[in-house]
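These are the residues of each chain, in order.
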Amino acid sequence: MKKLINSPDTVVTEALEGLAAAHPSLSVDVQNKVITRAGAPRPSKVGLVSGGGSGHEPLHGGFVGYGMLDAACPGEVFTSPVPDQMLIATRAVNGGAGVLHVVKNYTGDVLNFQMAAELAEDEGIEVVPVVINDDVAVEDSLYTAGRRGTGATVFVEKIAGALAEEGADLAAVAAVAREVNDRSRSFGVALSSCIVPAAGKPTFELGDSEIELGIGIHGEPGRTRVAHTTASDLSAGALDAIGADLSIEGDLLVMVNGMGGTPLIELYVMFDEVRRYLEARGARVARNLVGNYITSLEMQGFSVTVCQLTDTLTRLWDAPVDTAALRWGR
């Protein structure tokens, strides 16, 4: 295993120390593993909290800031944060208007966020959870009951965060978060495994000419293994799977996401193929992201996330954002 770390035991805390040093607009509690916006909470603003295992950077800490999250709770690598972290984060961003929990549909995340919400409500903090379950690849996977939560998490955090920034109440912010989740679908492909630092070896094995279709962000099995093929075939396969579950028409928000080890030149090739596929079916890529936004350590591969836009969702997507990983309009 070759990694730029000192020890598997300290990689998360040392990464948090580096995040704090690089981004003084964030307040990083290294001991409790909680990242918040400096100056939080803002009175009368709905707070947004998310979290999950580390190893998916920039998700979630990279999306803490103006127009997105108010706090994030990183767990150990590929491991859910614990309820105490989530409770600390919820307290820290509670400005009196309640707190939205954005929860990816993994069993540990769902259970721990539920426990944290109950503890927060015992303290008089109103909490509403929204569970993200956009991955069409498989259901009832190794880590989930139902569909996994993946790329739509970025869309939800951005759009719900924009509405909260405008001063909307908790019910409205939760409603738009659910709407984005309902209108979004994702599919991922792995060309290689990743290596969890504590394990020191690949999570799974792929033959030299094999790829995995429908992979999860923790290396969970996908739909099938096939021989490696062209970018055109891979984009069509991913979008065929998405299109079987979501009507691909009208104006779309599309993210072509790298899994951590894929060069940007290849992601742009993939985006062009995705664009061609969608335009051939009468849809329009009205907004897009291309790059690493929800990763799986150094896994080679990509995921595609598609969201059906409305005028309101487009406006909220375009609203100013200022985070470590996403920034425009300010």
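Just so we're clear, the structure is a prediction, and the values are computed from it rather than from any experiment.

## Focus on the overall build of the protein chain
For step 1, the next point in the chain: Helices and strands together make up the secondary structure of the protein chain, namely eight helices and 15 strands.
For step 2, the next point in the chain: Taken over C-alpha atoms, the radius of gyration comes to 19 Å for the protein chain, in line with the 20 Å a tight globule of 330 residues would show.
For step 3, the next point in the chain: Projected onto the principal axes, the alpha-carbon positions of the protein chain cover approximately 55 × 50 × 35 Å.
For step 4, the next point in the chain: Across the 330 residues in the protein chain, those meeting the buried criterion constitute 55%.
For step 5, the next point in the chain: Counted over contacts in the protein chain with a minimum sequence separation of 6, partners at least 24 positions apart contribute 72%.

## Some points on the pattern of salt bridges
For step 1, the next point in the chain: In total, this model carries 22 salt bridges according to the counting rule given.
For step 2, the next point in the chain: Between R225 and E212 there is a salt bridge, with its nearest N and O atoms 2.6 Å apart. Of this pair, R225 sits in strand β10 (residues 224-227) while E212 sits in strand β9 (residues 210-213), placing them 13 residues apart in sequence.
For step 3, the next point in the chain: Judged by its relative accessible area of 37%, R225 falls in the partly exposed class.
For step 4, the next point in the chain: Put simply, D322 and R327 hold a salt bridge, and the shortest N to O gap is 3.0 Å.
For step 5, the next point in the chain: The network of salt bridges with common partners includes R37, R42, K45, D70 and E165.

## Here's the deal with the sheet that holds strand β15 (residues 327-328)
For step 1, the next point in the chain: With antiparallel pairing, the three strands of this open sheet are ordered in space as β4-β14-β15. The sheet is open, and its two borders are formed by β4 (65-66) and β15, each paired with just one other strand.
For step 2, the next point in the chain: Here strand β14 (residues 321-323) runs beside β15; their pairing, made up of two bridges, is antiparallel. Bridge pairing links V321 to W328 in β15.

## With respect to the packing of aromatic side chains
For step 1, the next point in the chain: Across all of its chains, the model carries two aromatic pairs by this definition.
For step 2, the next point in the chain: Taking 5.5 Å as the distance between ring centres and 85° as the angle between the ring planes, the aromatic pair formed by F155 and W317 counts as edge-to-face. Taken as a pair, F155 in helix α4 (residues 152-165) and W317 in helix α8 (residues 311-318) lie far apart in primary sequence, 162 residues in all.
For step 3, the next point in the chain: In this structure F155 comes out as buried when scored by relative accessible area, which is 0%.
For step 4, the next point in the chain: Geometrically, the ring pair formed by W317 and W328 is tilted, given 5.4 Å between the ring centres and 55° between the ring planes.

## Section: the sheet that holds strand β7 (residues 127-132)
For step 1, the next point in the chain: In space, the six strands of this open sheet follow the order β1-β2-β5-β3-β6-β7, with mixed pairing throughout. With one partner strand each, in any of the chains shown, β1 (26-29) and β7 form the two edges of the open sheet. Going across the sheet, the axis of each strand differs from the next one's by a mean of 20°, ignoring polarity.
For step 2, the next point in the chain: Here β1 pairs with strand β2 (residues 34-37) via four bridges, running antiparallel. Across the sheet, S27 pairs through a bridge with T36, a residue of β2.
For step 3, the next point in the chain: Contacting β1, β2, β3 (47-54) and β5 (71-77), helix α1 (residues 11-22) crosses the sheet at an angle of about 145° to β5.
For step 4, the next point in the chain: Strands in contact with helix α2 (residues 83-93) are β2, β3, β5, β6 (99-104) and β7; relative to β5, the strand with the most contacts, it is inclined by about 165°.

## A closer look at α4
For step 1, the next point in the chain: Compared with an ideal rise of 1.5 Å per residue, which puts 14 residues at 20 Å, α4 spans 20 Å between its outermost C-alpha atoms and is within 8% of the ideal.
For step 2, the next point in the chain: With 14 of its 14 residues buried, α4 lies for the most part within the structure.
For step 3, the next point in the chain: Just downstream of α4, G167 is the residue with a positive phi angle, here 100°.

## Considering the environment of F204
For step 1, the next point in the chain: Within the secondary structure layout, F204 lies in the loop between β8 (184-190) and β9.
For step 2, the next point in the chain: For F204 and S193, which are 11 residues apart along the polypeptide, the C-alpha to C-alpha distance reads 5.8 Å.
For step 3, the next point in the chain: The residues touching F204, leaving out its near neighbours within four places in the chain, are A190, S192, S193, I215, G219, R225 and M299.

## A few points about unusual backbone geometry
For step 1, the next point in the chain: The peptide bond linking E57 to P58 adopts the cis configuration, its omega dihedral lying at 15°.
For step 2, the next point in the chain: Among the structural elements, P58 can be located in the loop between β3 and β4.
For step 3, the next point in the chain: Omega for the bond connecting L59 with H60 falls within 30 degrees of zero, at -5°, which places this linkage in the cis form.
For step 4, the next point in the chain: Within the element layout of this structure, H60 appears in the loop between β3 and β4.
For step 5, the next point in the chain: One non-glycine residue, K33, lies in the positive phi region at around 55°.
For step 6, the next point in the chain: Looking at the element boundaries, K33 is found in the loop between β1 and β2.

## Describing the environment of A15
For step 1, the next point in the chain: Looking at the secondary structure, you find A15 in helix α1.
For step 2, the next point in the chain: Separated by 111 residues in the primary sequence, A15 and E126 place their C-alpha atoms 31 Å from one another.

Analysis parameters
- Every chain's residues receive numbers from 1 upward, in the order its sequence appears when written.
- In view of the model being predicted, local features appear only for residues whose pLDDT reaches at least 70, and side-chain atom pairs are presented and counted only at 80 or more, with totals across whole chains, interfaces and linings using the full set of residues.
- Values shown for side chains rest on all heavy atoms present in the structure; no hydrogens or waters enter the calculation.
- Helical segments are the DSSP runs of H or I of at least four residues, strand segments are the runs of E of at least two, and each set is numbered from the N terminus.
- For a compact globule the rule gives 2.2 Å times the number of residues to the power 0.38, and the radius of gyration it is set against comes from C-alpha atoms.
- Here's how the labels work: a residue is buried when its accessible area is under 20% of the maximum for its type, exposed when over 50%, partly exposed in between, all with a 1.4 Å probe on protein chains only.
- The contact criterion used throughout is that any non-hydrogen atoms of two residues lie within 4.5 Å.
- We define a salt bridge as a side-chain nitrogen of Lys or Arg found within 4 Å of a carboxyl oxygen belonging to Asp or Glu.
- Pairing between two strands is assigned when DSSP locates at least 2 bridges connecting them.
- In summary, the pairing rule links any two rings of Phe, Tyr or Trp, Trp by its six-membered ring, whose centres are within 6.5 Å, and it sorts them by plane angle into stacked for under 30 degrees, edge-to-face for over 60 and tilted for everything else.
- Axis angles are defined between N-to-C directions and span 0 to 180 degrees, where every axis is a line fitted to C-alpha atoms and, for a helix, only to the segment in contact.
- How far a helix is expected to stretch is found by multiplying one less than its residue total by 1.5 Å.

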